Amino acid sequence: MAMLPRKESSTAKSAAESIFTVNELMAVPLMRDAKLVAGQSGLDRAIARVSAMELPDIESWVKPGDFLMTTGRLFQDEPERFLQLVPELVKRGVAAMGIMAKPYLKDIPSEVKKEADRFGFALVELPPDLEFSDVVRVCMERVLALETSQLSDLQNRIQSMTRLLLEGGGLYPFLDALEGMLGNPVVVVREQDKSWLSTSIRNADAVEISSLLQSFSFKPFVRGAAYGFSMLQNGCRVYASPIPSRNMNQACLVLLERYRDISSIDALSIDRLSTLVGLEMANVEAVREVEGKYLDQFLQDWLTGKIVSDADWKLRADVCGCTIPEGSRMCAVLAGWRQKEPNAEKLREVTRRLRSERLRSIEGLFAAPIGNDLALVLPLGKGSLGDQQAAEGIDQLLGRLLAELRPVLDDKELKLYAGRVVDRYDGLHGSWSQAGRARQVAEVCGLPGEVITYDRLGVYSLLYLIPPGEEREQFLLRFAAPLQQADRKGGGRLVETLEMFFRCNGNIKLTSEKLYAHYNTIVYRLEKIQSILGVSLDDPEERLQLHLALKLGQIATDS
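Residues numbered from 1 in each chain as written. Predicted model: local features only at pLDDT ≥ 70, side-chain atom pairs only at ≥ 80, totals over all residues. Heavy atoms only, no water.

1. With respect to the packing of helix α6 (residues 171-182) against helix α10 (residues 264-303)
For clarity, the cut-off: For helices, the fitted axis covers only the stretch in contact; all axes are lines through C-alpha atoms, and the angles between them, taken along N-to-C directions, range from 0 to 180 degrees. Runs of H or I in DSSP of at least four residues are treated as helices and runs of E of at least two as strands, each being numbered from the N terminus. When an angle is under 35 degrees it counts as roughly parallel; over 145 it counts as roughly antiparallel; between 65 and 115 it counts as roughly perpendicular; any other value is oblique. Working rule for contacts: check all heavy atoms of both residues, and any pair within 4.5 Å makes them a contact. Throughout, the ten residues Ala, Val, Leu, Ile, Met, Phe, Trp, Tyr, Cys and Pro are labelled nonpolar, Asp, Glu, Lys and Arg are labelled charged, and all others, Gly among them, are labelled polar.
In contact at an axis separation of 11 Å, α6 and α10 are set at 175° when each is read in the N-to-C sense. When the axis of α6 is compared with that of α10, the two are roughly antiparallel. For the pair α6 and α10, the contacting residues are L171, F174, L178 and L182 in the first and D266, S269, I270, L273, L276, V277, E280 and M281 in the second. Residues that form the contact of α6 with α10 fall into these classes: nine nonpolar, one polar and two charged.

Right under this line is the structure:
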C-alpha cells in the first residue's frame, strides 16, 4: 500500500488560495524596517487577525492565525521563557510573531531563533518606533477584504457536503470528499470505538496507520483540552472540532496537517461540517442499533436452542448478515470476567464494540449478550472434526483471541471457555451449554489455564454429569462428609489441607508453603485424615477415590 506522503510546501497553497500571508505583511511599506530573524519557511502562513499584548501568560490568549506582536519586556528577566513560548505558539496555530526587542533585549537569543527555524515559525524583529495600532489597521483591512470571499467559499463547501449526505453517500464518501476539498486527511475519533478514516489514511501502509492511530489519545478531546489546534505524539499538527451528539459517545472531527498547512478557512470548515458529521453518525448509530437488536435476538435464540428448523435458521441468518457457509465448523465461546462482572448496559456496549472493531485473530466473529454472559460464535472454516492438528490450532486461535479481547473488554484476567466444535448450526446449542459447563467446572475445581475447552475437562466433565441420587450421596458420605464434619468440630482445616495436598501432587513441603503452615503440622493433618477415613494416602487407588470425592463434592455444592 502507498505510504502517506510528506507535507508539501505551503507556497503552492498560498498561490492557489485567497489569503493574507506573513510574506505579504512583510512587503507592506509600514514594515520596511522590520527584519525577519528566523523561520523563513513560515512566511507563507496565513494571517487571520493581529494581536498586540504583553501578558505573562500570553499563550493562553492567542488564537489560530494570529500575527502576535509584543515587546521584549516580557523576556527581559526571563529569557528562557522566550524559548519555551515558541513551540507553544506553534501548537496553538499562531501564524507568526513580531517582537520589539529593543530597548529591553540587546538581541533575540540564538536558541530562540533556532527553535523558530525548527518549527518554520516566522519571527520578525520590529523597529522601536513602529506603532502597533498602525500594523493592526493595515492587516485587518486586508484580512476583512479577503474574508468576504472566504465566507462565500465556506458557504459553497457546506452546500456541497450537505448535498453529498442528502444523496445518501454515507460517512466514508463524505470524509473522502472532505479530504479532497481541504487537501489534508480527516479522521472521526470516537470514545471507546474505532476511528473513521478518510481515503489516504485507509489506503496507507498498515504499520503507518497503526502508528498514526496510536498517536491519538482521546482523553484530551473528551476534556475539550485538545479542541482547536494541537500536536499529536508523532509531531503532526491537527485541528479538532467536537461533533455534537446527544445519545452517542463523545466524538470529534480531526483535520491532520499532513500534505499542506491548515488555513483559517479549513479550520472554519471543520467547525461547521462537524455538525453534519454528527447527523450522519446519529443516522448510522440508529440503523446499527436496530440491526444489533435483531442480531442479538437471533444469536440468543440460536445458542439457546430456540431455532428448530433449517428454513427458519437460514432466513434469520440472512436477514442478520450471519453468512456462515454450509459445512463450516464453529464453536461457542463464553467470555468469563475475573475482575468485575459487567451489567447489562456494559455488555451491550462491549458487544457493539466487538461488532465494530476488526479483530486480527479471526474473521466473522459474532458476539451477543446472553443473560449476564458474553457469548461468542467462532467460525472456523471447513475441516474434519476429529483432526488433532485442527484441535491444537483452535487452542492457539483462542489464545490469540483472548489477547485481543482483554484490552477491548478492559479485563487483564479475562478467561475464555469453549464448547466442542460442531459442523451444523443445530449443534451450536450443545456447544454453548458445554462452554458454560467448562466455566462452572473450571471455577469449582480450580482448573489452571486462561483458555478452558470442554474437551480438556477430562474426568471432570463426567463428574459433572453424575446426577443427584443415592449412589452419589453414599460416595460423598464415605469420603467427603467425615472430613467436613471434623472441620466443623475444629479438626484443623482438613479439607483445605487435603485439597492443597492433591494440588501440589502429594508434595508435603510445597503444601506447607502454600498453606503457610509448618511441615509437621501438615504431616499431622494428613495422618488425622487417614485415621478418620480409614485410608492410606500411599495407596494410589484410595488416593484416586478420595480425590474424586473432593471434586464431586465441590461440583455438587456448586450445582
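What follows picks up the thread again.
2. A word on the confidence of the model for the protein chain
As a reminder, the rule being used: A score between 0 and 100, pLDDT records how confident the predictor is in each residue.
Per-residue confidence for the protein chain averages 80 on the pLDDT scale, and 84% of its residues sit at or above 70. When the criterion is pLDDT under 50, residues 1-6 qualifies, and its contacts beyond four places in sequence or with other chains add up to 18 contacts. With pLDDT under 50 throughout, residues 8-17 is counted as low confidence; its partners more than four residues away or in other chains account for 16 contacts.

3. So, the side chain of S51
Note the threshold: With a 1.4 Å probe rolled over the protein chains alone, any residue whose accessible area is under 20% of its type maximum counts as buried; one over 50% counts as exposed, and the rest are partly exposed.
Turning to its location among the elements, S51 is positioned in strand β2 (residues 49-52). A relative accessible area of 11% places S51 in the buried class. Setting aside residues up to four positions removed in sequence, S51 forms contacts with D66, F67, L68 and M69.

4. Here's the deal with the nonpolar core
Stated formally: Among buried residues, those of type Ala, Val, Leu, Ile, Met, Phe, Trp, Tyr and Cys that are joined through side-chain atoms within 4.5 Å constitute a nonpolar core.
Counting 34 residues, the largest nonpolar core has F298, L299, W302, L303 and L428 as the members making the most contacts within it. Looking at this core, the elements with two or more residues in it are α10, α11 (310-320), β11 (329-336), β12 (366-370), β13 (373-381) and α14 (428-445). Per-element accounting of this core gives the leading share, eight residues, to α14. Setting aside residues up to four positions removed in sequence, L303 forms contacts with A332, I370, A375, V377, L428, H429 and W432. With 24 residues, the next largest nonpolar core counts C331, L397, V408 and L414 among its residues.

5. Section: the packing of helix α3 (residues 79-91) against helix α4 (residues 110-119)
As a reminder of what qualifies: Left-handed is the label given to a crossing in which the near helix is rotated counterclockwise from the far helix by less than a right angle, and right-handed is the label when the rotation is clockwise.
With their axes 9 Å apart at the nearest point, α3 and α4 run at an angle of 15° to one another. Of the possible angle classes, the one that applies to α3 and α4 is roughly parallel. Seen from above, α3 lies across α4 with right-handed handedness. Contacts between α3 and α4 involve F82, L83, V86, P87 and V90 from the first element and E111, V112, E115, A116 and F119 from the second. For the contact of α3 with α4, a count of residues per class yields eight nonpolar, no polar and two charged.

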